[in-house]
Protein chains: 2
Amino acid sequence: MTEIATARRSRITPEREAELYTAVLELLREVGYDALTMDAVAARTRSSKATLYRQWGGKPELVVKAMRHNKPGSIGDADTGSLRGDFHTLVSREDDCAMERNSDLMRALAMAAHTNPDLMRALKELLVEPEMDEFQRVLRRAVDRGEIRADSPALPYILHMLVGAFVARTLIDELPPTQEFLRSYIDAVVLPALGVQSH
Amino acid sequence: MTEIATARRSRITPEREAELYTAVLELLREVGYDALTMDAVAARTRSSKATLYRQWGGKPELVVKAMRHNKPGSIGDADTGSLRGDFHTLVSREDDCAMERNSDLMRALAMAAHTNPDLMRALKELLVEPEMDEFQRVLRRAVDRGEIRADSPALPYILHMLVGAFVARTLIDELPPTQEFLRSYIDAVVLPALGVQSH
């Protein structure tokens, strides 16, 4: 299995992959998920549809992997020695402008996923679950340091708290999710809910 | 102004108003917001479109007022002597079945609001803001009792926490927002974030 996976992967260089993802996100911003076609991706990137399907399987996977590739670095790598430090580092990975653009795209994809079960599945399997796994590493380190209790009742609700921050901020406050807002939300809601003593 | 408002209101009895709201929500479930027409509401309720427009102003206002009318009782009236008691009472106003149906409708309306600015405005002015005002009464009583500090940094984020509970629960967990889930979320996230000592 590993050999086959490597063989499939080796057809496209990392540079070429990055180019393709950039083009996919451009198209996504221009026409939206439903109107985006594999033909248009092939034309824009001068690749064959066969290559796209062989490499990614389909449009939902290609789009979600482009989103994921666009995210800066790995969440789990932030290791500052405190949960607050780790969370604040995560928030600082993207500047406000990049964060607003990605947040707009994610919202559009989440809307499209309501009527595209394949996209919903791809979003969960290829984006939400891997990110939550990395979050778990950050949280496990905090448990190991004794900052939070392993049985903290708020631990299963990390994603709910964070989703609420983004959705209510953009939909109800009608403001972009800035670094300043997210740091404030982390300090006011996430850390106290987890039982981390404020600094 | 009061006289005019009274005169306008008096054209429809509360019973008739309730009948109309029920019919609007039925239609909303059947065809969705975009396909729902004032003609269909008029036909279903045997009323004239002129009456509907005079009484509600338009489709967004009519639909949102139907949603609001459908909610049980007033949030601010829950007064059990503790914030936890008040929150748990609020959660118990609707059984799980009613909550799931309302949550589905709210999600559909929030989606439709993305492309209908008038609906978004009506949702905020006629549903979210009045509910938040009532929440503020519940929270003010908790401040007055000394349960939470008036300057608790989590106070501005009540709506974000609650929105996250509903959105992540339905969209990512793919489970309905049951009373049990909401009580657990309130105890694990909302009360600790507000600094309320656990029982």
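Residues numbered from 1 in each chain as written. Chains lettered and ligands numbered in written order. Predicted model: local features only at pLDDT ≥ 70, side-chain atom pairs only at ≥ 80, totals over all residues. Heavy atoms only, no water.

## A word on the packing of aromatic side chains
Then step 1. Summed over all chains, the structure comprises 10 aromatic pairs over all chains.
Then step 2. With a centroid separation of 5.9 Å and 70° between ring planes, the pair formed by Tyr157 of chain A and Phe181 of chain B is classed as edge-to-face. A residue pair is termed interchain when its members come from two chains, as with Tyr157 of chain A in the loop between α8 (117–144) and α9 (158–171) and Phe181 of chain B in helix α10 (residues 179–194).
Then step 3. Given a relative accessible area of 6%, Phe181 of chain B falls into the buried group.
Then step 4. Between Tyr185 of chain A and Tyr157 of chain B the ring centres are 5.3 Å apart and the planes differ by 75°, which places this aromatic pair in the edge-to-face class. Within this pair, whereas Tyr185 of chain A is found in helix α10 (residues 179–194), its partner Tyr157 of chain B is found in the loop between α8 (117–144) and α9 (158–171), the two belonging to separate chains. Each of the two residues, Tyr185 of chain A as well as Tyr157 of chain B, counts as buried.
Then step 5. Taking the ring centre of Tyr33 of chain A as reference, the NZ or CZ of Lys59 of chain A above it sits at 4.3 Å. (Phe/Tyr/Trp six-rings, centres within 6.5 Å; stacked < 30°, edge-to-face > 60°. Helix = DSSP H or I, 4+ residues; strand = E, 2+ residues; numbered from the N terminus. Buried < 20%, exposed > 50% of the residue type's maximum accessible area, 1.4 Å probe, protein only. Lys NZ or Arg CZ within 6 Å of the ring centre and 35° of its normal.)

## Looking at the domain arrangement of chain A
Residues and elements named next belong to chain A.
Then step 1. Each assigned domain of chain A is listed here: domain 1 (2–67) and domain 2 (72–194).
Then step 2. Between the C-alpha centres of domain 1 and domain 2 the distance comes to 26 Å.
Then step 3. Across the contact, 11 residues belong to domain 1 and 13 residues belong to domain 2.
Then step 4. Summed over the shared surface of domain 1 and domain 2, the number is 0 salt bridges. (Domains from an automatic or database assignment. Contact = heavy atoms within 4.5 Å. Salt bridge = Lys/Arg side-chain N within 4 Å of Asp/Glu carboxyl O.)

## A look at the UniProt feature "DNA-binding region" (unreviewed entry) in chain A
Then step 1. According to UniProt, the "DNA-binding region" (unreviewed entry) feature falls on residues 37–56 of chain A.
Then step 2. As annotated, residues 37–56 of chain A has a helix share of 80% and a strand share of 0%, and its two end C-alpha atoms lie 14 Å apart. (UniProt positions renumbered as here; feature names shortened; annotations may be inferred.)

## So, the relation of the copies chain A and chain B
Then step 1. When chain A is fitted to chain B, the residual RMSD is 0.0 Å, and the transformation amounts to a turn of 180° plus an axial shift of 0.0 Å. The transformation just described matches what one would write down for a two-fold rotation axis. Ranked by how close their C-alpha atoms come to the rotation axis, the residues of chain A are headed by Gly164 of chain A, at 1.6 Å.
Then step 2. Interface residue correspondence from chain A to chain B reaches 100%, placing this contact among same-surface, isologous pairings. (Least-squares fit on C-alpha atoms with pLDDT ≥ 70 in both.)

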